[in-house]
Amino acid sequence: MRDGLFISFEGIDGCGKSTQVARLAKCLKGQGHEVVCTREPGGTRISEKIRMILLNPANTELAPITELLLLEASRAQLVQEVILPALERGAIVLSDRYADSTSAYQEAGRALQHAEVVQANKLGTCGVEPDITFLMDMNPHEALARAMEHGADRIEAAGIAFQERVRQGYLTLVKEYPNRIQVIDASMSLEEVSISIDQVLAKELDRREVHHD
Ligand code: TYD
């Protein structure tokens, strides 16, 4: 049984997700909720080790299929060790990226087969899906300029055309999951983005209360 709320944040590199995760966590904690923040790839001791392999710019020979399996291994550990126990306690889990990243990056970006990625995500998530996903949508030129300021890692170094494919991958997912995935225009100011996220979340929390009664 899961009583908690699972919220994931998605978007291309440099879209400002991490800032929003930190802000929302603070805000929800202030309201008295138990909040568990995590990120992908990573979020557990073992998953962070896998993250180091994935994001090391020296690992140029890493095959796309290996990348997929490492991402899912990292995810499965995170779900078992952190996400599921937190949801069972009734906590709100905020994840900076989750399985939609794999559909967008490995399928749309790296051109792995749809069926393979779907199957791999099923294993990696252990069937645990977010209740709400915020897709911070943004033009890759703008986002990459921001990301480069902080130093590009192996995946970010893939360039604009790659990020554009990833963006389109996300927009395809929105069509598939229109109720779960909420698109936020990430080119707005930080304050405007925050307000949009809070509004969508408040509406969703209301809707869930109504359903519980
Ligand atoms: P990170 O430095 O955390 O970037 P960001 O702040 O943009 O999330 O690096 C995560 C990188 O890993 C990012 O480029 C996206 C990539 N990634 C995938 O390709 N597939 C995935 O399933 C996940 C979770 C991340």
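From a predicted model like this one, the values you see are computed outputs, not experimental measurements. (Residues numbered from 1 in each chain as written. Predicted model: local features only at pLDDT ≥ 70, side-chain atom pairs only at ≥ 80, totals over all residues. Heavy atoms only, no water.)

Caption draft 1: Just the pattern of salt bridges, in detail. Evaluation of the coordinates by the stated rule reveals 11 salt bridges. Between E34 and R89 there is a salt bridge, with its nearest N and O atoms 2.6 Å apart. Within this pair, whereas E34 is found in the loop between α1 (17–30) and β2 (35–39), its partner R89 is found in helix α3 (residues 64–89), the two being separated by 55 residues in sequence. By relative accessible area, R89 is classed as exposed at 52%. Through salt bridges that share partners, E40, E72 and R75 make up one connected network. (Salt bridge = Lys/Arg side-chain N within 4 Å of Asp/Glu carboxyl O. Helix = DSSP H or I, 4+ residues; strand = E, 2+ residues; numbered from the N terminus. Buried < 20%, exposed > 50% of the residue type's maximum accessible area, 1.4 Å probe, protein only.)

Caption draft 2: Summary view of the layout of surface pockets. When its volume is computed, the second largest pocket comes out at roughly 440 Å³. In terms of lining, the second largest pocket is formed by 21 residues, of which the most central are D100, S103, V118, N121 and Y177. Only α4 (99–109), α5 (114–125) and α7 (160–176) provide two or more residues apiece to the lining of the second largest pocket. It is α4 that provides the largest number of residues to the lining of the second largest pocket, a total of six residues. Considered class by class, the residues forming the lining of the second largest pocket number eight nonpolar, seven polar and six charged. (1 Å grid on protein atoms, 1.4 Å probe; cavity = no way out; pocket = protein on both sides within 12 Å on 5 of 7 lines; lining within 4 Å. Points joined across faces, edges and corners; volume = space filled by probe spheres on them. Nonpolar A, V, L, I, M, F, W, Y, C, P; charged D, E, K, R; others polar.)

Caption draft 3: Expanded view of α7. For α7, spanning 17 residues, the distance from its first C-alpha to its last is 25 Å, which sits close to the expected 24 Å at 1.5 Å a residue. The inward-facing, buried residues of α7 abut β1 (5–10), α4, β4 (132–137), α6 (140–149) and β5 (181–185). (Expected span 1.5 Å × (residues − 1). Contact = heavy atoms within 4.5 Å.)

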